[in-house]
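Topology and contacts: notes
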Amino acid sequence: MDFFNAVYGRMDTQIGLAMENMPGMASPIGPWLEKAAAFKEKINLPVFHAARITDIATARHAVREGLIDLVGMTRAQIADPHLVAKIAAGEEERIRPCVGFTHCMSELRPACLHNPATGHENTLRQVIQPASNVRKVVVVGAGPAGLEAARVCGERGHDVVVFEAAARAGGQVLLASEADWRKDIVAISDWRLSELDRLGVELRLNHFAETADIHERNPDVVIVATGGTPNIDWLQGAANITSVWDVLSGNAPPSGDVLVVDGTGRHAALTAAQYCWNKGASVQFATIDESLATEQAYAERVVWRRWIHQSKISPRFEEQLKEVRRDGNKLSAVLQTELTGELTELSAGQVIFDYGTIPADGLYHELREGSVNSGVTDLGRLVAGEAQCGSRQTNPAGT
Ligand SMILES: Cc1cc2nc3c(=O)[nH]c(=O)nc-3n(C[C@H](O)[C@H](O)[C@H](O)COP(=O)(O)O)c2cc1C
Ligand code: SF4
């Protein structure tokens, strides 16, 4: 074990490190492969290595070059249980790539961030069956949910069009990929886009769909996946606040000194802090929780804790943002300590706040009156592939 630890390092931080050192999708080298090869050189036994080898090019390279004898691809096959079948069928480029953020090891295990069917095979099939009747389907929103709905409908053989208001598909996945160590998350949308391309699904970017656009298509089914918008307007002095979205999308470049306030315990505020820090801003960070990224999995928390330590940011804990006031050419943020109620004022050039999102549901409410199910999906029928209540149609997403 001493030798193992000397070669590999401490077990408890391995996963965090593997996530942080993730190769880009094009890289043929797994983050721990060199160490595994060094280990193999010292012993006269076959070596079976599993750690963040997600693509076949890397696996092939590792075995072909004799770095190791056998590759374990655990999460790769949680993301795509048909990985081997796709290789055998000569469809390697269709493998759904594991993005490596280990939701499958959280308490929801083995649920996969990228593959909704994994762990739910009793209700959702991994392989989608063609439908007996072709339906016209409109999907509004090309974030992960809309893209997945469009993909499943496309696999069913339906006639699908996707409307997306932005110039690029991906929604919040694009913002999440701004964190240094989470670049690969963009494969969640990229893989779906390549599948939509293969399936002939029409994607209309830069198209803010309104009710008239939907009616014009005369669809059998409308799937509204318009996501949400930053939930910051309720705060006193909201006009003085910059949303995480504005920062990460590049719409609001960071000022010289920023205060980032996390109201959710998730990735968004820390991602914005890292983005600003990388751009040379001096960063103050406060969170509503007693530790960093409390809502995230253990391995993710390790990475954030390490980054905040390395970047010499001293986070403030258990503080809630109450108000942001203009103070000359600066901003003054009022934070309240959760434990005692004590108020503190911090000065910054920019105050960036994450408090999650609220649904962008205007279109949904406009359309639901005209729908057979009043916009409420009967999940039992959906899973059984049956028509929604009162409808003639079969459910195109039913598998
Ligand atoms: C959902 C899940 C459950 C796991 N359970 C075990 C386990 O019970 N025992 C074990 O030694 N490793 C377990 N592992 C670790 C894997 O065997 C593997 O070493 C690790 O996921 C790294 O390989 P990968 O990058 O190919 O996923 C588990 C991994 C996952 C994702
Ligand atoms: S949850 Fe993430 S790490 Fe786990 S298999 Fe899915 S994509 Fe890979």
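A brief look at the structure comes next. Starting afresh in each chain, residues are numbered from 1 along the sequence in its written order. Numbering of ligands from 1 and lettering of chains from A proceed in the order in which they are written. Given that this is a predicted model, residues contribute local features only at a pLDDT of at least 70 and side-chain atom pairs are listed and counted only at 80 or more, while totals for whole chains, interfaces and linings are drawn from all residues. By convention in this description, side-chain values take in all heavy atoms of the structure and omit both hydrogens and water.

So, the environment of Glu-34
Formally: Working definition: helices are DSSP H or I runs of at least four residues, strands are E runs of at least two. Numbering for both runs from the N terminus. Note on exposure labels: buried denotes an accessible area under 20% of the residue type's maximum, exposed denotes more than 50%, and partly exposed covers the range between, all computed with a 1.4 Å probe on protein chains only.
Among the secondary structure elements, Glu-34 is positioned in helix H3 (residues 33–42). What makes Glu-34 exposed here is its relative accessible area of 65%. Put simply, Glu-34 and Val-152 are 118 residues apart on the chain and 39 Å apart in space, counted from C-alpha to C-alpha.

A word on the packing of helix H12 (residues 267–278) against helix H13 (residues 298–310)
Keep this limit in mind: Helix axes are fitted only over the stretch in contact, all axes being lines through C-alpha atoms; the angle between N-to-C directions runs from 0 to 180 degrees. Here is the rule for handedness: rotate from the far helix to the near one, and if that takes an anticlockwise turn smaller than a right angle the crossing is left-handed, while a clockwise turn gives right-handed. Whether two residues are in contact is decided by their heavy atoms, any of which lying within 4.5 Å being enough. We call Asp, Glu, Lys and Arg charged. Ala, Val, Leu, Ile, Met, Phe, Trp, Tyr, Cys and Pro are nonpolar, and the rest, Gly among them, are polar.
One way to put it is that H12 packs onto H13 with a least axis distance of 12 Å and a crossing angle of 35 degrees. For the crossing formed where H12 meets H13, the hand is left-handed. The segment H12 lies against H13, with His-267, Leu-270, Thr-271, Ala-273, Gln-274 and Trp-277 engaging Glu-300, Trp-304, Trp-307 and Ile-308. In terms of residue class, the contact of H12 with H13 is built from six nonpolar, three polar and one charged.

Topic: the pattern of salt bridges
Heads up, the rule is: By definition, a salt bridge exists where a carboxyl oxygen of Asp or Glu is found within 4 Å of a side-chain nitrogen of Lys or Arg.
Evaluation of the coordinates by the stated rule reveals 18 salt bridges. One salt bridge in this structure joins Glu-155 and Arg-94, with 3.6 Å as the shortest N-O distance. Pair noted here: Glu-155 is in helix H7 (residues 144–155) and Arg-94 is in the loop between helix H6 (83–88) and strand S3 (136–140), with a separation of 61 residues, a long-range link. The class of Arg-94 is buried, set by a relative accessible area of 14%. Put simply, Arg-316 and Glu-319 hold a salt bridge, and the shortest N to O gap is 2.7 Å. Overall, Arg-316 belongs to the partly exposed group, its relative accessible area being 27%. With relative accessibility at 6%, the residue Glu-319 sits in the buried group. Connected via shared salt-bridge partners are Glu-91, Arg-94, Glu-155, Glu-195 and Arg-198.

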